[in-house]
Amino acid sequence: MASSFLNFASKLSFLHNEYYKNDAVGRNLLFDSPNLYKWNRKFSNSCFPKTRCSGVGATRATSRTEAVVDDDRVLNEDSRVLKVGLICGGPSAERGISLNSARSVLDHIEGGDLQVSCFYIDYDMNAFAISSAQVYSNTPADFDFKLESLAKGFSSLDEFAEHLAASVDIVFPVIHGRFGEDGGIQELLERYNVPFVGTGSRECRKAFDKYDASLELSKQGFVTVPSFLIQGSEIEECELSEWFSSNQLDPNSGKVVVKPARAGSSIGVTVAYGVSDSLKKANDLISEGIDDKILVEIFLEGGSEFTAIVLDVGSGFDCRPVVLLPTEVELQLHGSVDVREEDAIFNYRRKYLPTQQVAYHTPPRFPPKVIENIREGASILFRQLGLRDFARIDGWFLPNSIDAFSSSAGKFGRTELGTIMYTDINLISGMEQTSFLFQQASKVGFSHSNILRSVIHHACLRFPNLASHNEVSAHSPRRSKSLPVDEAFNKQEGVRKIFVLFGGDTSERQVSLMSGTNVWLNLQAFDDLDVTPCLLAPSDDHSDDSSRVVWSLPYSLVLRHTTEEVLDACIEAIEPVQAAMTSHLRNQVMNDLMESLKKHSWFTGFDIADELPVRYSLEKWVKLAKEVQATVFIAVHGGIGEDGTLQSLLESEGVPHTGPGEAASKTCMDKVATSLALSHLADLGVLTINKDVHRKEDLLNVPALEIWDELTSKLQCETLCVKPSRDGCSTGVARLCCVEDLAVYIKALKDCLLRIPPDSFSKSHGMIEMPSPPPELLIFEPFIETDEIVVASKSVGEKAQGLVWKGNSRWVEITVGVIGTLGSMRSLSPSITVKETGDILSLEEKFQGGTGINLTPPPASIVSNEALERCKQRIELIANTLRLEGFSRIDAFLNVDSGEVLIIEVNSVPGMTPSTVLIHQALAEQPPMYPHKFFRTLLDLASERII
């Protein structure tokens, strides 16, 4: 195993050195291995690809004259490579989501005949050429403060545009909100004759402004939501009162939606009651600088929200929009909730953080005729507004039981079954891994790579000089992946079977879905792997672990918001009536697409088959893994994924798996046991935190003051940190500064709250997600004070590097990955974690891309190289003492002078989401390890271990 690992590292180093011989800019190298095609046997061969498309981790082209790739093929200088400029960032609050979109696009289009260069526009509208490694940052704040030293800056946007005109063939803008969807970047590119993907500047301006778009829709004969415009500082309260009355709304309590006219579809959207509240919330949006043009709209009670991706499949400027299968957005309230949740709307948090607050249904649970009308209307709207290539259109369906607007008679949207209204037009739809674009595209046969490349190639049709890039030579597909697991194994010699397992029933199951999806997509880059995503369903309280249910999933069912959605989709997929309707709708859309796509030489067919999920007991699933000689990549956070149970089941059958073994997993899951196992290392600079464990039942039945006095006396501290004893690291963790805070926390346990609202405690904090069901055991420990680190968006001095850090306590919080074999674990470069709100890292900051700040590696202005090396040595000591293997993540406090570490906890199955800090640390290695190679390394370590 060791020699194999060294050979891999040697090969990686060789590739790295070859690359940097030819590339002075510092773009980064990924490896070639295309997505593996699935075949839909329901369609004729003409519908399917004769070539293979490049997916995650495909070739990162080096120079035009030389490239080293996995299968030793050489790209000669005569090859026509389409050079794509990927632009992300921008001045809006959605720039973090823009970074996520750019990361996903980069993963799925780079390689073979597409070469990607990455660019970033910061909050102040400065443009930079950045490395692809920076695209994998969690948030722009991770690198904003050091851009001037890490990236090539441009003196002006004009210079930037000139550079694009000279260096790329076509631009793919993925800036959401201002400057990305309002026509700003498009106008700049048009001025310098730079081809780009998407709608032109004039049409963008009209569609992006929600008020102007509503007027245009009404003019074009569509039903629209009654709205009132508030603009600038002069607000006429009497006019707004008249609008309330004219729409049968009580001026004192009428329920409305207040939102910016020119921001993303989620930014600043809120509910208001009556004229005064509406004006206050409009003023707040204006004063916060979100927009000075605010819309007040009627709240559509009883309606169902939907969103639909529109794909233009015409030729050149001949627009032929086809609407994919729309998605219904269902807001959900579970259990006891704060009163503020009763006005739930599809806001920024619900859109981008996977929780049970929202569920998606693709196709919608509407009558087929309504779905047909939604698709027809969105297609007409796309064409009449002059949109190009692709877009996302949001709207509402109001059943006939709800009063329709009298002014809408005779307009498009009024149907026998209800009223359809289109409310938001998104010119650059979000492109995160499980976004609406990929959910809907996969339902009709497109992989991530296929849909993105189709959009790019369609855009090239408008530019005659790019015509040669749309000529695709025919290649046979590598292999079909639509065979059943056991049949596929028998027919694919030399192919290793991999099961990626995620889900479970802990509070981190949604993060587990994100981790498993990311691992699955990355491992698909390798031709010698056949990767099957698998969902571990929630447990039945009356069954043992071995009889739990595991679902083997087809491609499209993985791309869901929550594990509950995935499970519901599995059950729905095997229900005959619903399955027949979905199949009928899918075939309708695919036929509409193929009518035009078959005329384009660059379209080589659909590559996702219409497959069914397969249900197993966990025991039978483990035996299947043994039978097909599969390696299991464990992505189940908490519960049986980390307490040794799953590891024991696999090891008893001789099935190799990622991560530590049974005993080490069991120790690390128990935070108290972890501290005890490391307590003898104090003299070596490894410190542990005193802990006191309490049963939930005792907390509920003993006066809070008595508990508080006992804890602060026993732990000798003034403030406490509380966390579940055996749950994940991201939920139920809070700082308690006084007995009143403890009382609030205990009440949350008693009431089974899913969330503790922001600022419920005496010290300001963000939303705290709580475990469900509440934990039986809770740990209390002294709260460790660390020095606040403030990250400036621009460099404020050569020494400070844009960081403000007083360094009074000399302690900072770090997280660090360890990787290797049993007894020889190696520390990656630690990351300093920076909290943006409160004293505890929130769920968003840990796992939601576009939020949270990680400084990787730690800046020398905070941690010296000597202290950093001592820290890494101690981290390795911890890993080897706990008998970790494969990979894990260690969270700790670091003394920046001595390099001593104070252990917080050890995660044997750490988060593996697209923005996980482990990716940043792997990229900081020399040579850098990109995500697909990082996950492949972890897999190889698992496959070669001796069980």
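Sequence order as written defines residue numbering, which begins from 1 separately in each chain. Under the rules for a predicted model, residues below a pLDDT of 70 receive no local features and side-chain atom pairs below 80 are neither given nor counted, while totals for whole chains, interfaces and linings still include all residues. Side-chain descriptors were evaluated using all non-hydrogen atoms of the structure, hydrogens and water having been removed beforehand.

Novice: Help me understand the overall build of the protein, please; the structure alone is not making it clear to me.
Specialist: Helices and strands together make up the secondary structure of the protein, namely 30 helices and 35 strands. In this scheme, a residue with accessible area under 20% of its type's maximum is buried, one over 50% is exposed, and one in between is partly exposed, where area comes from a 1.4 Å probe on protein chains only. Within the span of the protein, comprising 947 residues, buried residues form 63% of the whole. Residue contacts follow a heavy-atom distance rule, with two residues in contact if any of their heavy atoms lie within 4.5 Å. Across the protein, every contact between residues at least 6 apart in sequence was considered, and the portion connecting residues at least 24 apart equals 73%. Summing over all exposed atoms, the protein offers an accessible surface of approximately 34500 Å²; the carbon and sulfur share of this is 48%. Here a strand is any run of E in DSSP of at least two residues, a helix any run of H or I of at least four, and the numbering for each starts at the N terminus. Computed with the Shrake-Rupley method and a 1.4 Å probe, the accessible areas treat only the protein chains shown as cover for residues.

Novice: In this structure, what is going on with the pairing of strand β14 (residues 390-399)? I would like to understand it.
Specialist: Side-chain positions along a regular strand alternate between the two faces of the sheet. With respect to burial, β14 is a largely interior element, 8 of its 10 residues being buried. Strand pairing requires that DSSP identify at least two bridges connecting the strands. Relative to β14, strand β10 (residues 304-312) runs antiparallel, the two being bridged by 8 bridges. Bridging across to β14, E305 finds its partner in W396. Alignment of β14 against strand β15 (residues 418-426), held across 8 bridges, turns out to be antiparallel. By the bridge assignment for β15, G395 is matched with Y422.

Novice: Would you explain the pattern of salt bridges in this entry?
Specialist: Once the charged atoms of two side chains with opposite charge are near each other, the side chains can pair. Salt bridge, as applied in this entry: a Lys or Arg side-chain nitrogen positioned within 4 Å of an Asp or Glu carboxyl oxygen. Scanning the model with the defined rule gives 42 salt bridges in all. Residue K714 pairs with D692 through a salt bridge whose shortest N-O separation is 2.9 Å. Taken together, the positions of K714 in helix α25 (residues 704-715) and D692 in strand β22 (residues 692-695) put the pair 22 residues apart, joining distant regions of the chain. On the accessibility criterion, K714 (54% relative accessible area) is exposed.

Novice: Explain the side chain of S725 to me, please; I cannot follow it from the model alone.
Specialist: Along the polypeptide, S725 turns up in the loop between β23 (720-724) and β24 (734-736). In contact with S725, not counting residues within four places along its chain, are M669, K671, L777, L778 and I779.

Novice: Looking at this structure, I do not really get helix α30 (residues 931-943). What am I missing?
Specialist: The periodicity of an α-helix, 3.6 residues per turn, causes residues three or four positions apart to be oriented the same way. The span expected for a helix works out to 1.5 Å for each residue beyond the first. The end-to-end C-alpha separation of α30 is 18 Å, in line with the 18 Å expected for 13 residues at 1.5 Å each. Within α30, 12 of the 13 residues are buried, leaving the element largely enclosed by the surrounding structure. Those residues of α30 that fall on the buried side of the exposure criterion are P931, H932, K933, F934, F935, R936, T937, L938, L939, D940, L941 and A942.

Novice: Would you mind going over the packing of aromatic side chains with me for this structure?
Specialist: Two descriptors summarise a pair of aromatic rings, namely the distance from one centre to the other and the angle between the planes of the rings. Side-chain rings of Phe, Tyr and Trp (the six-membered ring for Trp) are treated as a pair once their centres are within 6.5 Å; stacked means planes under 30 degrees apart, edge-to-face means over 60, and tilted covers the remaining angles. Here the structure, examined in full by the defined rule, presents 21 aromatic pairs. Measuring from ring centre to ring centre gives 5.1 Å for Y120 and F143, while their planes differ by 75°; the resulting arrangement is edge-to-face. Here the residue Y120 occupies a position in strand β2 (residues 114-121), and F143 occupies one in the loop between α3 (132-135) and α4 (147-150), the gap between them amounting to 23 residues. Comparing Y120 with F143 shows no difference in burial state: the two are buried. A ring pair is formed by F934 and F935, whose centres lie 5.6 Å apart and whose planes are at 55°; its orientation type is tilted. Through a chain of ring-to-ring contacts, the aromatic side chains of F222, F306, F412 and Y422 assemble into a single cluster. A ring is considered to have a charge above it if a Lys NZ or an Arg CZ atom is located within 6 Å of its centre and within 35 degrees of its normal. The positively charged end of K255 is found above the aromatic ring belonging to F299, 4.1 Å away from the centroid. It is R936 that lies over the ring of F526; its NZ or CZ is 4.8 Å from the centre.

Novice: In this structure, what is going on with the packing of helix α22 (residues 662-669) against helix α23 (residues 671-678)? I would like to understand it.
Specialist: Helices that pack against each other are described as a pair by the angle of their axes relative to one another and the distance between those axes. Here, axes are lines fitted to C-alpha atoms. For helices the fit covers the stretch in contact, and angles between N-to-C directions go from 0 to 180 degrees. Their axes nearest at 5 Å, the elements α22 and α23 cross at an angle of 105°. Overall, the two elements α22 and α23 adopt an arrangement that is roughly perpendicular. Here α22 contributes T667, C668 and M669 to the contact with α23, which in turn contributes K671, A673, T674 and A677. Gly falls in the polar group here, along with every residue not listed as nonpolar (Ala, Val, Leu, Ile, Met, Phe, Trp, Tyr, Cys, Pro) or charged (Asp, Glu, Lys, Arg). Across the contact of α22 with α23, the residue classes break down as 4 nonpolar, 2 polar and 1 charged. We call two directions roughly parallel when the angle between them is under 35 degrees, roughly antiparallel when it is over 145, roughly perpendicular when it lies between 65 and 115, and oblique otherwise.

Novice: Looking at this structure, how should I read the confidence of the model for the protein?
Specialist: Segments scoring low in pLDDT should not have their predicted coordinates read at a detailed level. pLDDT: the predictor's confidence for each residue, scored from 0 to 100. Summary statistics for the protein give a mean pLDDT of 83 and a share of 81% for residues scoring 70 or more. Within the model, pLDDT remains below 50 along residues 334-342, and this stretch shows 14 contacts once partners closer than five positions in the same chain are excluded. Of the regions scoring below 50 in pLDDT, residues 473-491 engages in 56 contacts with residues more than four places distant in sequence or in other chains.

Novice: Looking at this model, I keep getting lost on the sheet that holds strand β17 (residues 529-536). Mind explaining?
Specialist: Strands pair in a sheet through their backbones, by hydrogen bonds, and they do so in one of two ways: parallel or antiparallel. Read from one edge of the open sheet, 5 strands run β19-β18-β17-β16-β20, paired in mixed fashion. Two strands in the sheet have a free side with no partner beyond their single neighbour: β19 (614-617) and β20 (631-634). On average, each strand axis in the sheet is tilted by 30° relative to the strand beside it, whichever way the strands run. Sheet topology places strand β16 (residues 496-503) next to β20; 4 bridges connect them, and they run parallel. In the strand pairing of β20, V500 is matched with F633. Sitting on the sheet, helix α16 (residues 509-523) touches β16, β17 and β20, and the angle it makes with β16 is about 160°.

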